[in-house]
Amino acid sequence: MLDHSSRKPTTSGLTQKPKTDAVKVCSQSEISRRSALLTLGAAGATLASARPSVAAEPTAAAAKPERDAMVGVQMAPFNLLHEGIEHCLDLLQTNAEVNTLICYTHTYYGGSTDKPTRVLAPDHGVSVDDYFDRKMPDVWVKHRESYFKDSRLKHEPVQPDWKFADRDVFQEVAEPARKRGMKVYARFFDPKASNGKKIKNFHDAVAVDVFGQPGGGPCWNNPHYRQFVRATMQDMFDAYPLDGILWGVELGGPLSELLYWGREPYCFCKYCEEYASSVNLDLKRARQGYAELTKFVRTFKQNAKPPIDGVMTTIFHFLQKYPEILGWNYQFLMSAEHYRREINQAIHGSAPNAHIGRHIDNQITGWDLLQRSAIPYSVMAEADDFLRPSLYSHILGPRVRWFYLERMKHGALQELTIDQSLDLYYAMMGLDASRQPTAEELDHTGMNPEDYVTRETQRCVVGAGDQADVIPAIGFDVPKWGGDTEWAEMSTFRTPPEYVYRAVRAAYEGGADGVMAAREYDEMRLENLKAFGRAVRDSRQ
Ligand SMILES: [Zn+2]
């Protein structure tokens, strides 16, 4: 059991991560840079100092990154095995200045093989492999049964005839990476319900939606699920020489699920009832409120006209009649924070010096005000050694158009035109509309990185304070889908090299401690890896 007694109380009331000697949080030069940024942001700080002054322009505060600062790349294990470990590491180090591999240990969710070859980079010097529907493992570490003896959930067994079934990629990459001075981090996502079916007894851990049906992912309050993830982490960090981990989940709170995605809100399982009761929240009444709100959303979507009182007015009616709706959205996300702290503690129990980072998805960094306000960066920083916001500024253009504006047009912002909604969006996000794309331009152009990437990085740095490093993930060549295009019909959305360069520079201007190439290595064209590396080198000069 770790001793928390010597730590300062946190603003969130949640437990704080243990500090270890080997976990670099801030060097002296970074502290002075942060001090300048914190001063910069102090005037406009709200949400537990989560928001810097939006008038802030890049300043001398954005000092040069240290030479050994993290330059990561997100990748799938089968990329290493397909391209060849030596070839792949050389390519990344030579062209992109990469010193840290961030590699999936499990691909139940993420590192997907259901992408068409047309969206994969053709120029890595190795022919593109058609992963589509190929049988490969979803578990890329060799788990030991003894760690799962108390777990109802069990990982999918790897079948001997699957491709790469006999490989142990994290053992194989350890020495080649060490020789090159590169670090190896695990990358882990909580599975969604659709992919989690491969895990034995996963149904016992799936959330319950407002109508009693299975929800979109596991429930954080489910003890079976927590036990399973704890065992997974402990086994991995006991067995492999991992330097750290980047992990997270891409699932919002119940109100986000309903208002942004039109999905049935969750979770209302018996474990959530126990948790809600412990924080004096009446989950039965929350469920009643969510059920009424969900029925209203469904009904007005089917009607051509908004209700006579207006959509937002009616939503406000439900939020006031049932304050438990907002209460449960907040508490459900807080229960995820408790879960996260428990898992981080298990990781540090096995590997006290493991450097733990949080995957912060594009919904949070892009548009979801409910999640941004519930769990600001300052609270995240209490739990993790580094924060990794998804600053996928190029693909964010089409995503804002199709994932946000279009859905809101058929939802809570039905009465606004797309142009009005975009003006509101830019204003609420603290972005400069005069520098950002118009609604028509969004579908084929990215966000202005000097505005979006710099400001979101600054916001994260100010929120993290001296609690955690900030390593933005710069997305490029991320395939496009959304609107009328389904996932399987995704198309390329090639990022110009000059844009990649600007986005990386913009992150450093915002005070980033390092950067990460994202989204997936197998999508990144060589010319963009080179532009990424050039920006890293130029930022150091
Ligand atoms: Zn639950």
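Residues numbered from 1 in each chain as written. Predicted model: local features only at pLDDT ≥ 70, side-chain atom pairs only at ≥ 80, totals over all residues.

With that settled, consider the overall build of the protein. Assigned secondary structure in the protein consists of 20 helices and 11 strands. In the protein, which comprises 541 residues, the share counted as buried stands at 52%. (Helix = DSSP H or I, 4+ residues; strand = E, 2+ residues; numbered from the N terminus. Buried ≥ 20, exposed ≤ 12 C-beta atoms within 10 Å, placed from the backbone.)

In this section: the nonpolar core. Judged by nonpolar contacts, the single largest core of 144 residues is most densely connected at Ile474 and Val504. Of all the elements, helix H11 (residues 324-350) adds the most residues to this core, at nine residues. (Core = buried A, V, L, I, M, F, W, Y, C linked by C-beta atoms within 7 Å.)

Another aspect to go through is the pairing of strand E6 (residues 244-248). Within E6, five of the five residues are buried, which leaves it mostly tucked inside the rest of the structure. In E6, alternate side chains face the same way, and those of Gly244, Leu246 and Gly248 on one face and Ile245 and Trp247 on the other are all buried. Pairing of E6 with strand E7 (residues 355-360) involves four bridges; the strand directions are parallel. Directly across from Ile245, in E7, lies its bridge partner Ile356. (Pairing = 2+ DSSP bridges.)

Okay, helix H20 (residues 526-540) next. Here H20 spans 21 Å end to end across 15 residues, near enough to the 21 Å set by a 1.5 Å rise per residue. Within the sequence span of H20, burial applies to Asn528, Leu529, Ala531, Phe532, Gly533, Ala535, Val536 and Ser539. Looking at the packing, one finds that the buried side of H20 touches strand E1 (71-75), helix H3 (85-96), strand E10 (473-475), helix H19 (497-509) and strand E11 (515-518). (Expected span 1.5 Å × (residues − 1). Contact = placed C-beta atoms within 7 Å.)

At their nearest, the axes of helix H9 (residues 283-302) and H11 sit 8 Å apart, and the two run at 110 degrees to each other. In this view, H9 runs roughly perpendicular relative to H11, as classed from their interaxial angle. When H9 is examined against H11, the residues Leu283, Arg285, Ala286, Gly289, Tyr290 and Leu293 are found in contact with a partner set consisting of Glu324, Ile325, Gly327 and Trp328. Looking at the contact of H9 with H11 residue by residue, the classes come out as six nonpolar, two polar and two charged. (Axes fitted to C-alpha atoms, helices over the stretch in contact; angles between N-to-C directions. Parallel < 35°, antiparallel > 145°, perpendicular 65-115°, else oblique. Nonpolar A, V, L, I, M, F, W, Y, C, P; charged D, E, K, R; others polar.)

Remark: H9 packs on helix H10 (residues 311-321), axes separated minimally by 9 Å, with the N-to-C direction vectors making an angle of 170 degrees. Our classification of the angle between H9 and H10 gives roughly antiparallel. Contacts between H9 and H10 pair Gly289, Glu292, Leu293, Phe296 and Phe300 from the former with Val311, Thr314, Phe318 and Lys321 from the latter. Considered class by class, the residues forming the contact of H9 with H10 number five nonpolar, two polar and two charged.

Let us now look at the confidence of the model for the protein. For the protein, mean pLDDT is 90; residues scoring 70 or higher make up 89% of the total. Confidence drops under a pLDDT of 50 for residues 22-26, and excluding neighbours within four residues, the segment shows 11 contacts in the predicted structure. Taken as a whole, residues 48-60 scores under 50 in pLDDT and shows 36 contacts with residues more than four places along the chain or in a different chain. (pLDDT = per-residue confidence, 0-100.)

The next point concerns unusual backbone geometry. The linkage connecting Tyr266 with the following residue, Cys267, adopts the cis geometry, with an omega of 10 degrees. Among the structural elements, Cys267 can be located in the loop between helix H7 (254-261) and helix H8 (270-278). Residues Ala518 and Arg519 are joined by a peptide bond in cis, for which omega reads 10 degrees. Of note, Arg519 is situated in the loop between E11 and H20. You will see that Asn201, though not glycine, has its phi angle at about 65 degrees, which is positive. Inspection of the secondary structure puts Asn201 in the loop between helix H5 (193-196) and strand E4 (206-208).

If you trace the backbone, Lys301 turns up in helix H9. By the C-beta count within 10 Å, which is 12 here, Lys301 ends up exposed. Counting along the chain gives 108 residues from Lys301 to Lys409, while the straight-line C-alpha distance between them is 9.9 Å.

A few words now on helix H16 (residues 418-428). Those residues of H16 not exposed but buried are Ser421, Leu422, Tyr425 and Tyr426. Each buried residue of H16 lies within a common arc of 135 degrees when the element is viewed along its axis, so the set occupies one face. Seen from the buried face of H16, the exposed residues on the opposite side, beyond 90 degrees, are Gln420, Ala427 and Met428. Packed against the buried residues of H16 are helix H15 (393-409) and helix H17 (439-442). Looking one or two residues past H16, Gly430 carries a phi angle of roughly 70 degrees, positive in sign. (Arc of directions from axis to C-beta.)

Take Tyr147: it is sitting in the loop between strand E2 (100-104) and helix H4 (169-179). Note on Tyr147: 17 C-beta atoms within 10 Å, which makes it partly exposed. Expressed as a C-alpha distance, the spacing of Tyr147 and Asp235, which sit 88 residues apart in the sequence, is 6.3 Å. Those residues within four positions of Tyr147 in sequence are excluded, and the remaining contacts are Ala231, Gln234 and Asp235.

Along the chain, the position of Asp538 falls in helix H20. Classification of Asp538 by C-beta neighbours within 10 Å gives partly exposed; the count is 13. In sequence terms Asp538 and Lys64 are 474 residues apart; their C-alpha atoms lie 9.3 Å from each other.

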